[in-house]
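# Structure at a glance
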Amino acid sequence: MPLSYHWQQRIERWKNATRGFFGGGEDNQPRPKLCPACGTLVGITATRCHECGASLRFSLAALSKGLSGFFGGQAPATTAILIVNIVMFAVTLLVGFARGQGQGFTILFSVNGEALYRLGMAIPFRYDDFSWYRLLTATYLHGGLIHIGFNMMVLLDLGPVVEEVYGSARYFFFYTVCGIGGELMSARFGSAPSVGASGAILGLAGVLIAITYRRSGAHMQQLRGRLISWVVTIFAIGLFFSGLRTDNWGHFGGLAAGFLLGRAFADREPMNSRERNTAYALGWSALALVVTCFVIMALHFSAPITE
């Protein structure tokens, strides 16, 4: 079956991007090149940019731009996070169905608990038996269709804003750290297992609140007021409606991590090669950690469940 025009475009864009990772061109003919980090025109035989010093044969900048082009849009990291969350929810349903969970309206509010556990649900902290990889895998799992629907709606509202301010690499690093912070607080002080992206998403709100304290003006004050009101409402729901199983410890951990990151990092994209290299290193380190946690989860998927 021939590929659709949309996928032909995507594959061609991916091919063009990967050509720049190791140098060379479509026909291997020498031609001027653009630095993948700063966009400066460099010589035909150059192996390193004379302006910013980035490698033209292989660099995190080129790889990052290639992935951004593959996912497309103005917020590629947010799009990638959304896709992984949806895929993991589908996998959770498939694992649950394989273990006898009924279909129908039950998936609106709950999915199979064993499936969530095996796929990396965070559990209360125990010094003698605690799986650290769950601090990250749990942020990509959700307990029902309504749960993931609400979280992804908020992610698409806040994520592109933070990604535009800080760039995709630092944004993904922020999201990952906030997710870990939320799940760590939940596992340490909570009394029930935890899943969901809400800790990481509250972290994005914390980053935006920190930005409003850096910048002055009536608009920033209004934005800060709306964000704080929204955060207070989320915590109030968790406090007074315990039946909704809202994890306020996870929310607090993510919010605090995001606020601290927002205060520590300048609220702008990297401006020079040193800042860009640091940002790419943070983003790719976060991605490597996420992939490692999912690999460990897969290796432990069939392990016996301990009480």
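A quick note: this is a predicted structure, and the numbers were derived from the prediction, not measured.

What counts, and where the lines are drawn
- Residues numbered from 1 in each chain as written.
- Predicted model: local features only at pLDDT ≥ 70, side-chain atom pairs only at ≥ 80, totals over all residues.
- Heavy atoms only, no water.
- Helix = DSSP H or I, 4+ residues; strand = E, 2+ residues; numbered from the N terminus.
- Buried < 20%, exposed > 50% of the residue type's maximum accessible area, 1.4 Å probe, protein only.
- Contact = heavy atoms within 4.5 Å.
- Core = buried A, V, L, I, M, F, W, Y, C linked by side-chain atoms within 4.5 Å.
- pLDDT = per-residue confidence, 0-100.
- Expected span 1.5 Å × (residues − 1).
- Polar contact = N/O pair within 3.5 Å; in protein donor to acceptor, adjacent residues only side chain to side chain.
- 1 Å grid on protein atoms, 1.4 Å probe; cavity = no way out; pocket = protein on both sides within 12 Å on 5 of 7 lines; lining within 4 Å.
- Points joined across faces, edges and corners; volume = space filled by probe spheres on them.
- Nonpolar A, V, L, I, M, F, W, Y, C, P; charged D, E, K, R; others polar.
- Phe/Tyr/Trp six-rings, centres within 6.5 Å; stacked < 30°, edge-to-face > 60°.
- Lys NZ or Arg CZ within 6 Å of the ring centre and 35° of its normal.

## Let's talk about the overall build of the protein
Secondary structure summary: the protein contains eleven helices and two strands in total. For the protein, the succession of helices and strands along the chain, N to C, is α-β-β-α-α-α-α-α-α-α-α-α-α. A total of 307 residues make up the protein; the buried ones form 44% of that total. Considering only intrachain contacts with a sequence separation of at least 6, the fraction spanning at least 24 residues in the protein is 69%.

## Quick notes on the environment of threonine 106
Checked against the element boundaries, threonine 106 lands in the loop between helix H3 (76–98) and helix H4 (113–118). On the basis of relative accessible area, threonine 106 is assigned to the partly exposed category, the value being 38%. Separated by 38 residues in sequence, threonine 106 and glycine 144 have C-alpha atoms that sit 8.2 Å apart.

## Considering the nonpolar core
Counting 54 residues, the largest nonpolar core has Tyr140, Leu155, Tyr171 and Tyr175 as its most contacted members. Looking at this core, the elements with two or more residues in it are H3, H4, helix H6 (145–166), helix H7 (168–189), helix H8 (198–214), helix H9 (218–240), helix H10 (248–264) and helix H11 (273–299). Among the elements that take part in this core, H8 stands out by supplying nine residues, more than any other. In contact with tyrosine 175, other than residues within four places in its own chain, are Ile81, Asn85, Thr139, Tyr140, Leu155, Ala197, Ala200 and Leu204.

## Let's talk about the confidence of the model for the protein
Per-residue confidence for the protein gives a mean pLDDT of 80, with 71% of residues at or over 70. Ignoring residues within four places in sequence, the model shows residues 17–28, a span with pLDDT below 50, making 19 contacts including any to other chains.

## Considering the side chain of threonine 212
In this fold, threonine 212 is placed in helix H8. With a relative accessible area of 1%, threonine 212 lands in the buried category. Residues within four places of threonine 212 in sequence aside, it is in contact with Met220, Leu223 and Arg224.

## A few points about H10
Structurally, the α-helix is built with 3.6 residues per turn, so residues lying three or four positions apart point the same way. Its 17 residues give H10 an end-to-end C-alpha distance of 24 Å, which sits within 8% of 24 Å, the value for a rise of 1.5 Å per residue. Considered for burial, the residues of H10 that qualify are Asn248, Gly250, His251, Gly253, Gly254, Leu255, Ala257, Gly258, Leu261 and Gly262. Where H10 begins, the capping side chain belongs to aspartate 247, and its oxygen is found 3.3 Å from the backbone nitrogen of tryptophan 249.

## Remarks on empty space enclosed by the protein
For the coordinates displayed, the defined rule picks out one cavity of 30 Å³ or more. In this model, the largest cavity occupies a volume close to 40 Å³. Counting only elements with at least two residues in the lining of the largest cavity, the list comes to H7, H8 and H10. Its residues placed into classes, the lining of the largest cavity shows one nonpolar, seven polar and two charged.

## Here we look at the packing of aromatic side chains
Under the defined criterion, the tally for this structure stands at eight aromatic pairs. On the basis of an interplanar angle of 70° and a centroid distance of 4.9 Å, the ring pair of tyrosine 166 and phenylalanine 174 is categorised as edge-to-face. Take tyrosine 166 and phenylalanine 174: they sit in the same class, and that class is buried. Here a set of aromatic residues connected by ring pairs shows up, and it is made of Tyr166, Phe173, Phe174 and Phe265. The positively charged end of arginine 188 is found above the aromatic ring belonging to phenylalanine 189, 5.3 Å away from the centroid. Lying across the ring of tyrosine 213, arginine 224 places its NZ or CZ 4.3 Å from the centre.

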